[in-house]
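As a plain string of letters, each chain reads:
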Amino acid sequence: MASLQQQQGSGGGNTNRVVAVVQTPPAAAGNKEFDQEDQFQQEPGWKNFLKHVGPGFLVSLAYLDPGNLETDLQAGANHGYELLWVILIGLVFALIIQSLAANLGVSTGRHLAEHCKAEYPIFVKLCLWILAELAVIAADIPEVIGTAFALNILFKIPVWVGVLCTGCSTLLLLGLQKYGVRKLELLIAILVFIMAACFFGELSYVKPPAKEVMKGMFVPKLRGQGATGDAIALLGALVMPHNLFLHSALVLSRKIPNSVRGINDTCRYFLIESGFALFVAFLINVAVISVSGTVCLADDLSSENEDSCRDLTLNSASFLLKNVLGKSSSTVYAIALLASGQSSTITGTYAGQFIMQGFLELKMRKWTRNLMTRCIAITPSLVVSIIGGSSGAGRLIIIASMILSFELPFALIPLLKFSTSSTKMGPHKNSIYIIVFSWILGLGIIGINIYYLSTAFVGWLIDNDLPKVGNVFIGILVFPLMAIYVISVIYLMFRKDRVVTFIDPTKSDPIAMENGHQGGVEMQNAPYREDLADIPLPN
């Protein structure tokens, strides 16, 4: 007889999570109560792994978007190989926090936005929702500008016209989805990896000095004008706040055995998948920086290319590939850039949907959500491209990446706190080593952001040409906002979690807990999220 049983948390209070159980008399249960768990354990490991492939690769598309390419190109052109260490640390940190986000979803049956809604007071969660939506919009700005640059290269239309055309790309994307989203994603992935192959080919041609590349990867330096700003932009383009909400929700599209062993195996599979996907993204980012640095810092650089390197943008970077592709370099580069922007649109659309559903319990059709986000992102892109042209649009990508970096604490701190809490994760909470390492890196990024924000603003106040009255007025407006930022981060760090969401499958028999059953009660799969079942990932 089927029934619903509400579980008791480790703190003794009832939780909001409900687990489906089937009550079976012990005599009649026989070996059937082990069938589902045995099937998961007896299948070859590679088959179980392939069932979990999908979320990590979809999330990794965000690490190859136009924002990453722009910041990589400028970092290489301005600083050579000296900022490669930022890519290494950023992607190691990305792997850790993406795995924490996946573990949170797998272990609790809720994604990060739903945990925030359950945990925080209404004003705090409303602010977190607004910041998360702004992060999605900031992530969409590079996609808008990257697509506009691609159209400019292919059809010679003005950048601002290309920005307007990006609104139609949503409709194009939806039109292609009728042939199957998996086929669309495969096509986009092929085109993005065409760009990767081009940069790897150019890398083999220009042959950057291996010693300098390794030194840049493992010896941290922040020398030269704008190095700190470029480093923060690189981190902002790599570690995106909306990706944490996205990954914790994507893993819920899988059916997971409701046992400690099944959950641990699932977390391990998602970690392996994310590690492989992010390693590929790491190689591509390193190749882009190395090619940009080698070509732009060469002694025999032509005057034309020297001018391009001085103000390198996505719109002018195709010359970096001429050694490999010759006259066709601009066309192939533009097609891959177009694919990069559109592939990132998929991740932004899903992240926005999960954020809205988790915080507000609202659901929108994907095309409505996509069109709304794109229209909001078009506005600043259109204004800047009309006033500042290609160079202004390129600088807007850097600004958007820095905004993402400043917004990171408001998704990262809740994730770190939830994933280290026994009231949320139970026996699946992080080890002390992961806790310490994650907090050190997280606090390091937050500290760099606050330092750069304060020093850059004070330096601008000192050096600008505004009258003193104007500087005083701006200071009165901005310094309280900076104080609110710091106070908000401190509040999230030191606020004690109050909501218990961990299910304890059994408190009386640890062996039964390990095997996913208790006496005559057979535990079925962890709650399957039908509201997330339409995610276009393989079953």
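Refer to the preceding data block for the structure.
Residues numbered from 1 in each chain as written. Predicted model: local features only at pLDDT ≥ 70, side-chain atom pairs only at ≥ 80, totals over all residues. Heavy atoms only, no water.

Undergrad: It is not clear to me how helix α6 (residues 84–108) should be interpreted in this structure. Could you clarify?
TA: What sets the pattern is the α-helix's 3.6 residues per turn: residues three or four places apart point alike. End to end, α6 covers 36 Å across 25 residues, agreeing with the expected 36 Å (1.5 Å per residue, within 8%). The positive-phi residue at the C-terminal boundary of α6 is G109, with phi of around 75 degrees. (Helix = DSSP H or I, 4+ residues; strand = E, 2+ residues; numbered from the N terminus. Expected span 1.5 Å × (residues − 1).)

Undergrad: I tried to follow helix α19 (residues 409–419) on my own but got confused; where do I start?
TA: With 11 of 11 residues buried, α19 is to be regarded as a mostly interior element. Residues P409, F410, A411, L412, I413, P414, L415, L416, K417, F418 and S419 constitute the buried set of α19. (Buried < 20%, exposed > 50% of the residue type's maximum accessible area, 1.4 Å probe, protein only.)

Undergrad: Got a minute to help me understand the pattern of salt bridges in this structure?
TA: Counted according to the given criterion, the structure contains four salt bridges. As a salt-bridge pair, K424 and E119 come within 2.8 Å of each other at their nearest N and O atoms. On the criterion of sequence distance, the pair formed by K424 in helix α20 (residues 422–425) and E119 in helix α7 (residues 112–119) is long-range, its members being 305 residues apart. A residue is classified by how much of its surface remains accessible, and E119, at 4% relative accessible area, is buried. Each of the salt bridges in this network shares a partner with another, and the network as a whole consists of E119, K424 and R495. (Salt bridge = Lys/Arg side-chain N within 4 Å of Asp/Glu carboxyl O.)

Undergrad: I'm lost on the state of the cysteines in this one. Help?
TA: This model, assessed by the stated rule, comprises one disulfide. Residue pairing for C296: its cysteine sulfur links by disulfide to C309, the two sulfurs lying 2.0 Å apart. Between C296 and C309, the S-S dihedral sits near -80 degrees, and the bridge is therefore left-handed. In this pair, C296 is assigned in helix α14 (residues 260–296) and C309 in helix α15 (residues 303–310), connecting sequence segments 13 residues apart. (Disulfide = S-S within 2.5 Å.)

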